[in-house]
Amino acid sequence: MRWTYRLVSALLVLTSIIGISFALYLEHVQGLEPCPLCIFQRIGLIGMGLIALVAFIHNPISNGFKRFYALLATLSIGWSVGVASRHVWLQHLPPDKVPSCGPGLDYLVDALPMKAVFQEVLSGSGECAAIDWTFLGQSLPVWSLLYFSLILLVCLWQLFRHYSAAK
């Protein structure tokens, strides 16, 4: 099998769809309410998927465009990796070091400028430190971090690999 740029872009779109579908399943079927950090992780995954979709549809011949799309996808999923890392860190804090729960994301978006919303959400809160779902002894943010990290590796490979003259 030849790992063409277009094929890898399609696989990245598929991983985004799978990840978001699982998140929505957990939210709407299992009843797990996403915390603000979970929502921010979704934003990066959706962004990466949309960028990969554009790359798939465009199917650029130019190495410059290929690298541009790959860079944008890398930055987007890198955001999710960073937020998931912060989430895992918060969950591993001793109980007395966990930040107190703050207002919900809806209120923050309505009441504060966007820069303040980002600062507030990324600082984390007590609700982000709660572990209410595990699989094989690991929390959802740990599994999300692993998933996003694997996608990040594919995006980095797509960014730095050698492209032949053919499509």
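Residues numbered from 1 in each chain as written. Predicted model: local features only at pLDDT ≥ 70, side-chain atom pairs only at ≥ 80, totals over all residues. Heavy atoms only, no water.

In the contact formed by helix H2 (residues 36-58) and helix H3 (residues 63-91), the axes pass within 8 Å of each other and the chain directions differ by 165 degrees. Here H3 runs roughly antiparallel to H2, going by the angle between their axes. Pair H2 / H3 crosses with left-handed handedness. The residue inventory of the contact of H2 with H3, partitioned by class, reads 18 nonpolar, seven polar and one charged. (Axes fitted to C-alpha atoms, helices over the stretch in contact; angles between N-to-C directions. Helix = DSSP H or I, 4+ residues; strand = E, 2+ residues; numbered from the N terminus. Parallel < 35°, antiparallel > 145°, perpendicular 65-115°, else oblique. Left-handed = near helix turned anticlockwise from the far one by under 90°. Nonpolar A, V, L, I, M, F, W, Y, C, P; charged D, E, K, R; others polar.)

In this structure, Leu12, Leu45, Met48, Ile77, Phe148, Ile151 and Cys155 are the most contacted members of the largest nonpolar core, which totals 20 residues. With sequence-adjacent residues up to four places away left out, Ile151 is seen in contact with Leu12, Thr15, Leu45, Met48 and Ile77. Among the nonpolar cores identified, the runner-up in size contains six residues, and Cys35, Leu37, Phe40 and Leu90 belong to it. (Core = buried A, V, L, I, M, F, W, Y, C linked by side-chain atoms within 4.5 Å. Buried < 20%, exposed > 50% of the residue type's maximum accessible area, 1.4 Å probe, protein only. Contact = heavy atoms within 4.5 Å.)

With 23 residues, H2 ought to run about 33 Å at 1.5 Å a step, and its terminal C-alpha atoms sit 33 Å apart, in line with that. In the stretch just after H2, Asn59 is the one whose phi turns positive, near 45 degrees. (Expected span 1.5 Å × (residues − 1).)

Another point: the environment of Tyr5. When you line up the elements, Tyr5 lands in helix H1 (residues 5-28). Sequence-distant contacts of Tyr5, that is, excluding residues within four places in its chain, are made with Ala55, Pro60, Phe65, Lys66, Tyr69, Ala70, Gln158, Arg161 and Tyr163.

Right, let's get into H3. For H3, spanning 29 residues, the distance from its first C-alpha to its last is 41 Å, which sits close to the expected 42 Å at 1.5 Å a residue. The backbone nitrogen of Gly64 lies 3.1 Å from a side-chain oxygen of the residue at the head of H3, namely Ser62. (Polar contact = N/O pair within 3.5 Å; in protein donor to acceptor, adjacent residues only side chain to side chain.)

Listed under "transmembrane region" (unreviewed entry) in the UniProt record, and renumbered for this structure, are residues 39-57, 69-89 and 142-160. In residues 39-57, the share of helix is 100% and the share of strand is 0%. The end C-alpha atoms are 27 Å apart. The span residues 142-160 is 100% helix and 0% strand, and its two end C-alpha atoms sit 27 Å from each other. (UniProt positions renumbered as here; feature names shortened; annotations may be inferred.)

What follows is about a nonpolar patch on the surface. The grouping of Trp3, Leu11, Leu14, Ile18, Val154 and Trp157 at the surface amounts to a nonpolar patch, some 540 Å² of accessible area in total. At the level of secondary structure, the elements contributing two or more residues to the nonpolar patch comprise H1 and helix H7 (140-160). The dominant element in the nonpolar patch, judged by the number of residues it contributes, is H1, at three residues. Among the structural elements, Ile18 can be located in helix H1. On the basis of relative accessible area, Ile18 is assigned to the partly exposed category, the value being 47%. (Patch = residues over 30% accessible without salt bridge, like charges linked within 9 Å, V, L, I, M, F, W, Y side chains within 5 Å. Areas by Shrake-Rupley, 256 points an atom, 1.4 Å probe, with all protein chains shown as cover. Salt bridge = Lys/Arg side-chain N within 4 Å of Asp/Glu carboxyl O.)

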